[in-house]
Amino acid sequence: MNKKAIPPIEVVVEGMTCSNCALGIQKTLEKAGVKEVFVDFATGSVTYKPDEFKNTQEIVIARIESLGYKVKAAPTGVQGQKKGYNILAVKFWISAVFTLPLVLAMFVPVPLLHNSYFQLLLTIPVFIIGVTHFGKSAFYSIRSGVANMD
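Right, let's walk through the structure included here. (Residues numbered from 1 in each chain as written. Predicted model: local features only at pLDDT ≥ 70, side-chain atom pairs only at ≥ 80, totals over all residues. Heavy atoms only, no water.)

## Looking at the packing of helix 1 (residues 19-31) against helix 2 (residues 56-66)
Using the following cut-off: Every axis corresponds to a line fitted to the C-alpha atoms, with the helix fit spanning only the stretch in contact, and the corresponding angles, defined between N-to-C directions, vary from 0 to 180 degrees. Each helix is a run of DSSP H or I of at least 4 residues and each strand a run of E of at least 2, with the numbering of both proceeding from the N terminus. Between 65 and 115 degrees an angle is taken as roughly perpendicular, under 35 as roughly parallel, over 145 as roughly antiparallel, and anywhere else as oblique. Note on convention: the crossing is left-handed when the near helix lies turned anticlockwise from the far helix by less than a right angle, right-handed when the turn is clockwise. By the convention used here, residues are in contact when the closest approach between their heavy atoms is within 4.5 Å. Gly is put with the polar residues, along with every residue not named as nonpolar or charged; the nonpolar set is Ala, Val, Leu, Ile, Met, Phe, Trp, Tyr, Cys and Pro, and the charged set is Asp, Glu, Lys and Arg.
For the pair helix 1 and helix 2, interaxial distance at closest approach is 10 Å and the crossing angle is 135 degrees. The angle between helix 1 and helix 2 falls in the class oblique. Seen from above, helix 1 lies across helix 2 with right-handed handedness. Between helix 1 and helix 2, the residues in contact are I25, T28 and L29 and V60, R63 and I64, respectively. Residue classes in the contact of helix 1 with helix 2 are distributed as four nonpolar, one polar and one charged.

Given below as C-alpha cells:
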C-alpha cells in the first residue's frame, strides 16, 4: 500500500521582530503537538506538517494568535504592497512630533520649552506609545516562555 505524503503547509505571521519571537512560536506549536515546525522571522513564515487525523491549521492559528501575532489565512509567495498606513510608521511619526520640541529645548532658549510641566505633557504620549507597543510584545514573550528583545 503506497501512502500519499502530505505536503507541508505555510502560513504568514505578522509581528515577528526577532529570532526569539520565532523561537517562542516554534516552542508553543511543538507543545501543542504540531510536527516539523519551521519558523522564519525574516520572511514571517511558519511551515509545518499537518496531521491527517486532526485539524492542525485551526490549532496553529489559535496558538500563534494567543501569543499576540496576526496570522494571514492564505500563504503568499511574494509580499504585496499594503494599502493604508503602516501602524509602526504612524507610531514613529507621532513620537517624533512630540519629541522634537524636547530636542529643540537643548538648542533654542525659548522659556516654554524649558518648562518642566510642558516637557511632561510632551513625554506622556511618547511614553504611552512605547509602553503599549513594547509592553504588549514583552507580555506575550513572557507568556510564551521565551524572552525577546522587548
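## Observations concerning the side chain of S95
Selection rule: Accessible area is worked out with a 1.4 Å probe on protein chains only. A residue is then buried under 20% of its type maximum, exposed over 50%, and partly exposed in between. Pairs of N or O atoms are called polar contacts if they sit within 3.5 Å, as long as, within protein, a hydrogen donor faces a hydrogen acceptor (for residues adjacent in sequence, only side-chain-to-side-chain pairs).
Relative to the helices and strands, S95 is located in helix 3 (residues 87-104). The class of S95 is buried, set by a relative accessible area of 15%. Of the polar contacts made by the side chain of S95, one reaches the backbone oxygen of K91; its length is 3.0 Å. Contact partners of S95, with chain neighbours within four places excluded, come to V126 and I129.

## Quick notes on the packing of aromatic side chains
Selection criterion: Pairing of aromatic rings covers Phe, Tyr and the six-membered ring of Trp, with a centre-to-centre limit of 6.5 Å; geometry is then stacked below 30 degrees between planes, edge-to-face above 60, and tilted otherwise.
All chains considered together, the criterion is met by two aromatic pairs. Arranged with centres 5.4 Å apart and planes meeting at 65 degrees, the rings of F139 and Y140 form a pair that is edge-to-face.

## A word on the sheet that holds strand 4 (residues 70-72)
Through backbone hydrogen bonds, the strands of a sheet pair up, either in parallel or in antiparallel fashion. What counts here: By definition, two strands form a pair when at least two bridges between them are found by DSSP.
Reading across the sheet, the four strands line up as 2-3-1-4 and stay open at both edges, with antiparallel pairing between neighbours. Lying at the two open borders of the sheet, with one neighbouring strand each, are strand 2 (35-40) and strand 4. The average undirected angle you get between the axes of adjacent strands in this sheet is 30 degrees. Lying over the sheet, helix 1 contacts strand 1 (9-14), strand 2 and strand 3 (45-49), oriented at roughly 165 degrees with respect to strand 2. Contacts from helix 2 reach strand 1, strand 3 and strand 4, with the element oriented near 145 degrees to strand 3.

## Structural notes on the environment of F118
Mapped onto the fold, F118 is located in helix 4 (residues 116-144). Note on F118: relative accessible area 25%, which makes it partly exposed. For the pair F118 and P101, spaced 17 residues apart in sequence, the C-alpha separation works out to 9.9 Å. Discounting chain neighbours no more than four positions away, the residues touching F118 are L112 and L113.

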